[in-house]
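An overview of the molecular structure
One-letter residues, chain by chain:
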Amino acid sequence: MDLSLTHRQQQVLRATVDHYIATAEPVGSKALAREYALSISPATIRNVMGALEQAGLLFQPHTSAGRIPSDFGYRHYVDELMLPPEPLIAQFKQSLRRQLRTDSWVFEVLLRDATQILATFSGCVGLITLPQAAISTIRHLHLVQVEPHRVMLILVTDAYETQSVVMELPHSTWDEVDAEHIEQELKILSNFLNHHFDGRSMQDLMALNQHELDCEFQKYADFLKILFSDLTQRCQALSPKNILVGGLAEVLRQPEFSELKQAQTLIHLLEEGQDLLWPLIHEWTSDPETLNSPGSTLQRNKVNIRIGSENLLESIQEYTLISSTYQKGKTPIGSVGILGPTRMAYEKIIALVTVMADYLSKYLAQTA
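So, on to unusual backbone geometry. In this structure, Ala24 is a non-glycine residue whose phi angle is positive, near 60 degrees. Inspection of the secondary structure puts Ala24 in the loop between α1 (7–23) and α2 (29–35). Overall, Ala24 belongs to the buried group, its relative accessible area being 19%. Even without a glycine there, the phi angle at Ser39 is positive, about 60 degrees.

Right, here's the structure in full:
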């Protein structure tokens, strides 16, 4: 929705959002006139707030109360009025270098520490997904005959994880020569595949083009595509869908969780509903149109921001989820996120998510 605000309206909206984020209390015109250098009278501020309410950017939770930002108000604030996060990014980079251990041989230990740091710095829930095996780098492929007409494909990733799948050879090979010849042919095909896919992601297996195969392997083209598809699906099914969670105690101190029901809903989601939360934090796409509807992406920082009702999951439509991906090389393998009330310090949390995702990506690059 296109919205053009005057400079005065932008000033009042920014001050209202900043005041509510800081205090969790509805704000009135007198408070804004007293605490912010707006250079206009309370009466004028009141009129401007009324116009912002009509535009759907503010609302009154009670008739006698001041106003607070709506989801649309936060969205306009984030997209148009928020201060650039670069100074905070520099600050968080220094903090992470001091506080995040990088001497562990186990990447999951580093991720657990990182999750708690996200929570501590933000006062919200820190979320980090474990790396996904389905997008690991291929280290070795091997085709081996296990029965006269059945072949096993064994795959080893750069993390030394091993997966395998068994399939029947195409019927076109059944009447050809003996098992010894087929075994020799499979060995040559294995060497060809290793040369072609070494160091590439498993997603590349699905992109095998028949024209890329040597003439002698053309008869295996359809067989290989089915074989790779089955293997990829198997790896996706076996990939850990765990989301590391930190900071539940921190976020429950926020006034939004003063009611027991609110707290119980969040606890249930984080403890038992991770399969519902997973697609939201783990949504990877480079298509700006997809990212901008609903929610938006700050392309300069590759950060996804979903505010309140922009979240498709009903149980978090009173929260904001800010997330980004960490990568191995150019391939996203996991997500970093922060979940908290819509009344959150957006500049700070966007900077924190950006820095943490970048930190984990650089760590993986250094240990490759």
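The next subject is the sheet that holds strand β4 (residues 138–147). Read from one edge of the open sheet, 3 strands run β4-β5-β6, paired in antiparallel fashion. Strands with a single pairing partner mark the edges of an open sheet, and in this sheet they are β4 and β6 (162–168). Here the strands of the sheet are splayed against their neighbours by 20 degrees on average, with no regard to which way each runs. Both β4 and strand β5 (residues 150–157) contribute to a ladder of 8 bridges, which runs antiparallel. From the neighbouring strand, His140 faces β5, where its bridge partner is Val156.

In this model helix α10 (residues 260–272) runs 18 Å from its N-terminal to its C-terminal C-alpha over 13 residues, within 8% of the 18 Å that 1.5 Å per residue would give. All buried positions along α10 are accounted for by Gln262, Ala263, Leu266, Leu269 and Leu270. Along the long axis of α10, the arc covered by the buried residues comes to 130 degrees, so they all point the same way. Facing away from the buried side of α10 by over 90 degrees, the exposed positions are Leu260, Lys261, Glu271 and Glu272. Considering only its buried residues, α10 is in contact with β3 (125–129), β7 (243–246), α9 (248–251), α11 (274–281), β10 (319–328) and β11 (331–341).

Right, let's get into the pattern of salt bridges. If you walk through the whole model with that rule in mind, you get 8 salt bridges. With its nearest N and O atoms 2.7 Å apart, the salt bridge here joins Glu108 to Arg112. In this pair, Glu108 and Arg112 both sit in helix α6 (residues 107–122), 4 residues apart, roughly one turn of the helix. Given a relative accessible area of 31%, Glu108 falls into the partly exposed group. Among the residues examined, Arg112 registers a relative accessible area of 46% and is labelled partly exposed. Salt bridges sharing partners connect three or more residues here, namely Arg75, Asp79 and Glu310.

What counts and what doesn't
- Residues numbered from 1 in each chain as written.
- Predicted model: local features only at pLDDT ≥ 70, side-chain atom pairs only at ≥ 80, totals over all residues.
- Heavy atoms only, no water.
- Helix = DSSP H or I, 4+ residues; strand = E, 2+ residues; numbered from the N terminus.
- Buried < 20%, exposed > 50% of the residue type's maximum accessible area, 1.4 Å probe, protein only.
- Pairing = 2+ DSSP bridges.
- Axes fitted to C-alpha atoms, helices over the stretch in contact; angles between N-to-C directions.
- Expected span 1.5 Å × (residues − 1).
- Arc of directions from axis to C-beta.
- Contact = heavy atoms within 4.5 Å.
- Salt bridge = Lys/Arg side-chain N within 4 Å of Asp/Glu carboxyl O.

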